[in-house]
Amino acid sequence: MKHRLRAGPLNTGRSKTKMKQPHGTAKTLVRRAFPVGRPHVGRNEPAKSTVENVRINPSSLSFEMWKEIPIPFYLSVHLFNVLNPDEVLKGEKPRVEERGPYVYREYRQKQNITFHDNDTVSFLEYRTFEFQPHMSHGSETDYIVMPNVLVLGSSVMMEHKPMSMKLLMSLSFSMFGQRAFLNRTVGEIMWGYSDPLIDLLNKYFPGLMPFKDKFGLFAQLNNSNSGLFNVFTGVKDFSKIHLVDRWNGKTKLNFWNSDQCNMINGTSGQMWAPFMTPDYNLQFYSPEACRSLSFKYEKSGEFKGIPTFRFVAPDTLFANGSVYPPNEGFCPCLESGIQNMSACQLNAPMFLSQPHFFNADPVLVESVTGLHPNKDEHSLFLEVHPVTGIPMNCSVKLQISLYMKSIPGIGQTGKINPVVLPLVWFEERGAMEGQTLSVFYTRLVLMPKLIQYLQYVLNAVGCLFIIITLILVIRNQRTSGSDLHQGLGPPSDPLPSSQTPLLQEDPQDGQTARSKS
């Protein structure tokens, strides 16, 4: 049996669209999710309360918080502007400059929430983006010179095809005015632009392209969902709470070349199981990365007074199979530190990595002028409250690159030397702030501490009362013994024995009598 919760209609505007706010204020949601009452008598009571509150259940106190997380998310986009496109076509090394960030407020809302009898709930999470000029370094009207993904990507895909097909493709590019590099605005690169070649392909080869009318790096993200998630609620089996059971009806993927790489591990990336320890392996499935990502514990710390565990990406996250054998299933690979995404991107030669090829083979950085990998700016991390499994501060940074080279028969590729050229790197970040942070701190940090201190005070007062009572009892016993001793009076003369004369002569009287005589 399925139980469906109907949600309101989704607003499907462009990047300027605002999503409606969650029911109730953030303060109300956190207060309901994590109430604080009288001190608990048993040590297991707080843990039991947390378990009840974090389960995914319409009757649970944290359900509204799970449905629409009251934490602001932002998408920061950094584009690589190619400074020497003509020289690149002649075989020279590309020179790039990073532009941005172009910041967007990201709104998330779960729709079609349906509960199932196998202790799972399914949902679609829709996302919309709104440009934030005051947080951005530039505007959506800025022009950027970038590789033409349609031309250079499809050319590499045609590398091993017959020469006649490559010549035909080159002719088609010429007819539609397609060049190796294009000069487009940030808004067009992000959210799509119309192109007669795309219209032609969609008309005569429907389904060939993953997009219908416009081509843009993030065109498929706005006003869309990331697939049907089916996750465990934790109501019947708390050990599986938030874990993904299925994605788009699949229990495993079919993109990669090994069962391990095709596994769907971890949660959907928003909440994790409570009561974490440093041994916890934090995992989540990312539809955009077409795989599960695993983070390792780095250290304990605090985020604005709230205790956290910090998890970071391991150095082997995007390592190739020769460096890290478990990643062999993601190959064919090039240099270590970049993941071949062609298997889940219609065979397009796209690669995923950390920004500026951080933690990648130095050859990748040396092949492009203008890259400066830096741990502080380009590393991934998640800071999670270990008791509840709720992220306090997170920053997931990824880079998309295009593998391009000269292809004989396709004149638009010129003499381009083989290179993995970065197109864009982006950061999805979210941090608890404002009223939500204040209420969370009060409910989960300050009040438990006060309750704990109150318990210590009550215990101390109880011990003091016991000590005072013992002192009073001892003093009372001593006082009673002393009063009893005084009530008996001085010792009386002994009673006469059978040998004692009845009349006794006073010694003084006897002496007086003798002196008179």
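Values in this document were obtained by computation on a predicted structure and should not be read as measured data. (Residues numbered from 1 in each chain as written. Predicted model: local features only at pLDDT ≥ 70, side-chain atom pairs only at ≥ 80, totals over all residues. Heavy atoms only, no water.)

Moving on to the overall build of the protein chain. For the protein chain, the count of helices and strands is twelve helices and 16 strands. Within the protein chain, buried positions represent 48% of all 517 residues. A total accessible area of about 27,100 Å² is found for the protein chain, and carbon and sulfur atoms account for 55% of it. (Helix = DSSP H or I, 4+ residues; strand = E, 2+ residues; numbered from the N terminus. Buried < 20%, exposed > 50% of the residue type's maximum accessible area, 1.4 Å probe, protein only. Areas by Shrake-Rupley, 256 points an atom, 1.4 Å probe, with all protein chains shown as cover.)

To continue, consider the nonpolar core. What tends to happen in soluble globular proteins is that the nonpolar side chains get buried as a cluster. Core analysis: the biggest nonpolar cluster contains 110 residues, and Val77, Leu79, Tyr104, Phe218, Leu282 and Leu382 have the highest contact counts within it. Residue contributions to this core peak at nine residues, all from strand 15 (residues 390-404). Not counting residues within four places of it along the chain, the set of residues in contact with Val77 comprises Arg99, Gly100, Pro101, Tyr102, Tyr104, Met190, Phe218, Val424, Trp425 and Phe426. (Core = buried A, V, L, I, M, F, W, Y, C linked by side-chain atoms within 4.5 Å. Contact = heavy atoms within 4.5 Å.)

The next thing to look at is the state of the cysteines. If you walk through the whole model with that rule in mind, you get two disulfides. Paired by a disulfide, Cys290 and Cys344 hold their sulfur atoms 2.2 Å apart. Taking the sign of the S-S torsion, about 90 degrees here, the bridge from Cys290 to Cys344 comes out right-handed. Of the two residues, Cys290 is situated in the loop between strand 9 (282-286) and strand 10 (291-303) and Cys344 in the loop between strand 12 (338-340) and strand 13 (350-353); the sequence distance between them amounts to 54 residues. Residue class for Cys290 comes out buried when judged on its relative accessible area of 4%. With its sulfur 1.9 Å from that of its partner, Cys331 forms a disulfide with Cys333. Here Cys331 and Cys333 share a disulfide; its torsion about the S-S bond, -90 degrees, makes the bridge left-handed. Judged by relative accessible area, which is 28%, Cys333 ranks as partly exposed. (Disulfide = S-S within 2.5 Å.)

Moving on, we come to unusual backbone geometry. Gly100 connects to Pro101 through a cis peptide bond whose omega is 10 degrees. Tracing the backbone shows Pro101 in strand 3 (residues 96-115). For the bond from Cys331 to Pro332, the omega torsion is 20 degrees, close enough to zero to count as cis. You can see Pro332 is positioned in the loop between strand 11 (306-312) and strand 12. Not every positive phi belongs to a glycine, and Phe275 is a case in point at roughly 60 degrees. For Phe275, a relative accessible area of 36% gives the class partly exposed. Located in the positive-phi region is Asn359, a residue other than glycine, with phi close to 65 degrees. One can find Asn359 in the loop between strand 13 and helix 9 (362-366). Taking the relative accessible area as the measure of exposure, Asn359 reaches 31% and is therefore partly exposed.

Side-chain alternation along strand 13 places Met350 and Leu352 on one buried face and Phe351 and Ser353 on a second face that is also buried. By the bridge criterion, three bridges tie strand 12 to strand 13 in an arrangement that is antiparallel. From the neighbouring strand, Asn340 faces strand 13, where its bridge partner is Phe351. Two elements, strand 13 and strand 15, share four bridges in a ladder whose sense is antiparallel. Residue Ser353 lies in a different strand from strand 15, and its bridge partner there is Gln399. (Pairing = 2+ DSSP bridges.)

Attention now moves to the environment of Ser438. Positionally, Ser438 belongs in helix 11 (residues 434-487). Sequence separation of Ser438 and Lys304 is 134 residues, and the distance between their C-alpha atoms is 9.6 Å.

What follows is about the packing of aromatic side chains. The final tally for this structure, using the stated rule, is 19 aromatic pairs. With a centroid separation of 5.0 Å and 80 degrees between ring planes, the pair formed by Trp256 and Phe330 is classed as edge-to-face. Taken as a pair, Trp256 in the loop between strand 8 (244-247) and strand 9 and Phe330 in the loop between strand 11 and strand 12 lie far apart in primary sequence, 74 residues in all. Assessed through its relative accessible area of 7%, Trp256 is described here as buried. Seen from their ring centres, Tyr297 and Phe309 are 5.2 Å apart, and the 80 degrees between their planes marks the pair as edge-to-face. With Tyr297 in strand 10 and Phe309 in strand 11, the pair connects residues that are twelve residues apart, well separated along the chain. We note Arg184 situated over the ring of Tyr193; from NZ or CZ to the ring centre the distance is 4.1 Å. Between Arg310 and the ring centre of Phe381, over which it is positioned, the NZ or CZ distance is 4.1 Å. (Phe/Tyr/Trp six-rings, centres within 6.5 Å; stacked < 30°, edge-to-face > 60°. Lys NZ or Arg CZ within 6 Å of the ring centre and 35° of its normal.)

What follows is about helix 5 (residues 149-157). The buried count for helix 5 comes to eight of nine residues, which makes it a mostly enclosed element. Structurally, the start of helix 5 carries an N-cap: the backbone nitrogen of Leu150 is 3.2 Å from a side-chain oxygen of Asn148. (Polar contact = N/O pair within 3.5 Å; in protein donor to acceptor, adjacent residues only side chain to side chain.)

Moving on, we get to helix 6 (residues 163-175). A rise of 1.5 Å per residue sets the reference length of helix 6, with its 13 residues, at 18 Å; its end C-alpha atoms lie 18 Å apart and thus fit the reference within 8%. Buried residues of helix 6: Lys166, Met169, Ser170 and Phe173, and no others. An end-on view of helix 6 places all buried positions within 100 degrees of arc, on one side of the element. Structural note: helix 6 exposes Ser164, Leu168 and Met175 on the side pointing more than 90 degrees away from its buried face. Backbone geometry just after helix 6 places Gly177 at a positive phi near 70 degrees. (Expected span 1.5 Å × (residues − 1). Arc of directions from axis to C-beta.)

Sequence positions flagged by UniProt for "transmembrane region" (unreviewed entry) are, in local numbering, residues 453-474. Here residues 453-474 runs as 100% helix and 0% strand, with 31 Å between its end C-alpha atoms. (UniProt positions renumbered as here; feature names shortened; annotations may be inferred.)

Moving on, we get to a nonpolar patch on the surface. Judged by side-chain polarity, Leu454, Val457, Leu458, Val461, Leu464, Phe465, Ile468 and Leu472 come together as a nonpolar surface patch covering roughly 720 Å² of accessible area. By the element assignment, Leu464 lies in helix 11. Note on Leu464: relative accessible area 47%, which makes it partly exposed. (Patch = residues over 30% accessible without salt bridge, like charges linked within 9 Å, V, L, I, M, F, W, Y side chains within 5 Å. Salt bridge = Lys/Arg side-chain N within 4 Å of Asp/Glu carboxyl O.)

This prediction gives the protein chain a mean pLDDT of 83; 79% of its residues lie at or above 70. Across residues 6-43 the pLDDT falls below 50, and counting only partners more than four positions away or on other chains, this stretch makes 89 contacts in the model. Contacts from residues 512-517, a stretch scored under 50 in pLDDT, to residues over four places away or in other chains number zero contacts. (pLDDT = per-residue confidence, 0-100.)

Below, the discussion takes up the side chain of Asn148. Topologically, Asn148 is positioned in the loop between strand 5 (143-147) and helix 5. Residue classification places Asn148 among the buried residues on the basis of a relative accessible area of 3%. A distance of 3.1 Å separates a polar atom in the side chain of Asn148 from the backbone oxygen of Arg179.

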